[in-house]
Amino acid sequence: MNVHLHLWLIPLLPFVGFLLNGILGARLPRWLVTVIGLVAPLVSFVVVANAARSFFGLGSALVSIPYIETCPFSWISIGTLHVDFSFVLDQLSLVMLLVVTGVGFLIHIYSVGYMLGDRGFARYFAYLNLFLFFMTLLVLAGNTLLMFVGWEGVGLASYLLIGFWYQKDSAASAGKKAFIVNRIGDFGFLIGIFLLIGNFGTLTFAEIGAKLSANPAWQGGILTVIALCLLLGATGKSAQLPLYIWLPDAMEGPTPVSALIHAATMVTAGVYMIARTHVLFDHAPFALGVVAVVGAATAIFAATIGLVQNDIKRVLAYSTISQLGYMFLGCGVAAYSAAVFHLVTHAFFKALLFLAAGSVIHAVGGEQDMRKMGGLRKHLPVTFWTMTTAVLAIAGFPPLAGFFSKDAILFAAFQQGPSGMLLWFVGLVTALLTSLYMFRLWYMTFMGESRSPEVHPHESPWSMLAPLLILALLSICGGWIGIERFSQFLMPSTGARLAESATPHLELYLTAAAVAVALLGWLIADRLYRQKPELPAQLANTVPGAYKLLANKYYVDEIYGATIVKPLLGFSRYMLGWVVDVAILGGIAWLLGGTALLTGAILQRWQSGNLRSYAAWLALGAAAILLFMTAPSMLGAAGVNIHLNWMGR
Amino acid sequence: MSPFAQEVPLSWYLLLSSVLFSLGVVGFLIKRNLITVFMSIELMLNAVNLSFVTFAHEWHAVKGQIFVFFVMMVAAAEAAVGLAIIIAVFRARATLSVDRINLMKL
């Protein structure tokens, strides 16, 4: 029964890789850096796979589930609060770990080809391994505090990798933006942790769950507040309204980083966190409703922006935000297993989309503007076919992965009564938009004739194509397990499986509707971008206001700049900078220093160098002391009672 | 106990001590020659010694007399160091007037 799975190896190995490449990388030959950078995630993946084997009883012995590994030393022990370094492996973290280490390893391989010519090769792999360390820590964490450590750590890795080409001004400020916006979310998470300590006295997920299930009548109230705080954290990390603004800018980083961190794994941490703490959300229906509304609103909001973007990576970034919105929608209707299912399939096809986009960018010499591409199908056959798979998957065509998971979320939303139907409708419209902007990207990039004839594209090396092919396979087959079996498997971690449909054939109708809108999106894209390429420009001219609004991303950055950033900057600069710093603090310092200087200037006249003046002061002082000492006895002569007590009397 | 001692009242001794001390203070303040100043200090020390001995005798306490020995030893050491300094100063500046030894200032 007691097999040791050595979970601690999973985060530790990438950390060792980070240390080796980070400290020595610049002096090591490139092949050694590559080996170190690849072996760490590979061995982590092997450990995870071994754990999965034991999990399903394929290995030597079955482990008890959830399997917990605790560091023998306690971390924090204050009063009644005890926090350990504990790793928990259950169904949820196993699925997440497989995705993180598996997709992570593929993207490591891809990076070897993509980053080969870069000066910061070793630095890149060091950061990438650091990210894997923190991400696996986040996933394995058995309590919210350890999760928070991983949470902050992936934020750091994300910051480092977004600003990887720090010589570029835009990359450096994009990194800062991501970090600062995430701070707001982390603030909410931290407050949530404090409230958990205050109200539960423990941070361990299992104990929180036990306390809540022992007390089923405990609903709403402080639980709603805690859940909303956690949700704020999740919206920051997972780029949801209103904190999504950092993700499009994060595309300044290298493309494999966008694939790994800003599409497949890190941004799904918010979804993972909500699924992990779902007992809290189950006891706070209002917070759950907020999750659903935030998810649906983000999904459609980001999809509309994605329609008019011209940068290939930005289209994918808004698509990521939109798909994350789907996952939040799934969480919000308590279909956690459906959300996690979509998380997994999305990791496959969105990583594939980004990597294929990276291959395209690599092929055309760093160009990211789709208006200058076109006709790449002939030059990049492997990239083209894998990308096509991913586009079909995200648009939701059966039998590809995205179809199953998106369908599961929409179906779960539909069953939540009238408000659920509204959410379902928003999701359906988003599906239409998703299909539309993905096929727009597809047509603009690969179809038609090249719009930059001077560029001679070349297919990428095999180290980049192999991950594409594997991910394409996963994007096709990833959904075949089906939501029924998947949710059955996840049930111990994420609660009851999805409700069966009350109406017969309802699921079939909904599926048909979803496929129909996907097809409709394709047809519209086909008409706009293949048959009549002049039509989009005309359309933009007919409704210039709407087009401008979308092209400028609803002016959200500008609104935030004017309402939050500018007043804050003004407050910092004038109130804190001038009034507090210069006037008050500077004034106090100046006053202290001035007093000392002035006193010194007066007192230094005493040191005249004239021996007789010193002697005079000495005598004067002695006389003063004498007077002081004898004053009591003089008073005694005047009738005051005095005791002399220093002569041993 | 000598009968002679009993005829001299305590206040005389103290008066003599304070006169000697005052002479020492005045000499310390007004004399210009460094050696005279130094001698004035010795005078003050010995005035204090006199009062110590007086009180020790008056109260039959030995502490005062022990203290006098301390003071004498310190005075002897001080005389040695002080005279050495005075010689060094004289060699360097060829004068012993305290008004002209005034370089130790800001």
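These numbers were taken from a predicted model, which means no experiment stands behind them. (Residues numbered from 1 in each chain as written. Chains lettered and ligands numbered in written order. Predicted model: local features only at pLDDT ≥ 70, side-chain atom pairs only at ≥ 80, totals over all residues.)

Along its length, chain B carries 4 helices and 0 strands. For a compact globule of 106 residues, the expected C-alpha radius of gyration is about 13 Å, and chain B comes in at 18 Å, more than 25% above that figure. With the C-alpha coordinates of chain B rotated into their principal frame, the extents come out at 55 × 25 × 25 Å. Classification of the 106 residues of chain B by burial places 11% in the buried group. (Helix = DSSP H or I, 4+ residues; strand = E, 2+ residues; numbered from the N terminus. Rg over C-alpha atoms; globule rule 2.2 N^0.38 Å. Buried ≥ 20, exposed ≤ 12 C-beta atoms within 10 Å, placed from the backbone.)

Turning our eyes to something else, we now look at the nonpolar core. Counting 208 residues, the largest nonpolar core has Phe131, Ala339, Ala351 and Leu352 of chain A as its most contacted members. Tallying contributions element by element places helix 15 (residues 336-363) of chain A first for this core, with 19 residues. The contact partners of Ala351 of chain A, leaving out residues within four places of it in the chain, are Val103, Ile107, Ala259, Ala263, Ala264 and Leu471 of chain A. Among the nonpolar cores identified, the runner-up in size contains 5 residues, and Val25, Phe28, Val37 and Phe38 of chain B belong to it. (Core = buried A, V, L, I, M, F, W, Y, C linked by C-beta atoms within 7 Å. Contact = placed C-beta atoms within 7 Å.)

Turning to the packing of helix 15 of chain A against helix 19 (residues 462-477) of chain A, a few remarks are in order. Residues and elements named next belong to chain A. Close contact between helix 15 and helix 19 brings their axes to 9 Å; oriented N to C, the two are set at 150°. When the axes of helix 15 and helix 19 are compared, the pair comes out roughly antiparallel. Here helix 15 and helix 19 pass one another in a crossing that is left-handed. Residues Phe348, Phe349, Ala351, Leu352, Leu355, Ala356 and Ser359 of helix 15 pack against Met464, Pro467, Leu468, Leu471, Ala472, Leu474 and Ser475 of helix 19. Taken together, the residues that form the contact of helix 15 with helix 19 break down as 12 nonpolar, 2 polar and no charged. (Axes fitted to C-alpha atoms, helices over the stretch in contact; angles between N-to-C directions. Parallel < 35°, antiparallel > 145°, perpendicular 65-115°, else oblique. Left-handed = near helix turned anticlockwise from the far one by under 90°. Nonpolar A, V, L, I, M, F, W, Y, C, P; charged D, E, K, R; others polar.)

Moving on, we get to the environment of Lys532 of chain A. In this fold, Lys532 of chain A is placed in the loop between helix 21 (506-531) and helix 22 (535-542). Along the chain, Lys532 of chain A and Gly375 of chain A lie 157 residues apart, while their C-alpha atoms are 16 Å from each other.

Taken together, the contact between chain B and chain A spans 11 residues of the former and 10 residues of the latter. Across the side of chain B that touches chain A, the residue classes break down as 8 nonpolar, 1 polar and 2 charged.

All right, on to helix 5 (residues 144-162) of chain A then. End to end, helix 5 of chain A covers 26 Å across 19 residues, agreeing with the expected 27 Å (1.5 Å per residue, within 8%). With respect to burial, helix 5 of chain A is a largely interior element, 15 of its 19 residues being buried. (Expected span 1.5 Å × (residues − 1).)

Moving on: the pairing of strand 2 (residues 81-89) of chain A. Residues and elements named next belong to chain A. In this sheet, strand 2 lies alongside strand 1 (residues 67-78) in antiparallel orientation, the contact comprising 8 bridges. Each residue of the ladder has a partner; that of Tyr67, found in strand 2, is Leu89. Counted along the chain from strand 1 to the antiparallel partner strand 2, the turn is 2 residues long, and its residue Gly79 has a positive phi close to 55°. (Pairing = 2+ DSSP bridges.)

Another aspect to go through is the confidence of the model for chain B. Should the pLDDT be low somewhere, the predicted coordinates at that spot are not to be read in detail. Scored by pLDDT, chain B comes out at a mean of 87, with 91% of its residues at no less than 70. Across the predicted assembly, pTM comes out at 0.79 and ipTM at 0.74. (pLDDT = per-residue confidence, 0-100.)

As a further point, take the packing of helix 2 (residues 10-30) of chain B against helix 3 (residues 34-59) of chain B. Residues and elements named next belong to chain B. Contact geometry for helix 2 and helix 3: axes closest at 8 Å, N-to-C directions at 165°. When the axis of helix 2 is compared with that of helix 3, the two are roughly antiparallel. In the packing of helix 2 onto helix 3, the handedness of the crossing is left-handed. Taken together, the residues of the contact of helix 2 with helix 3 break down into 16 nonpolar, 8 polar and 1 charged.

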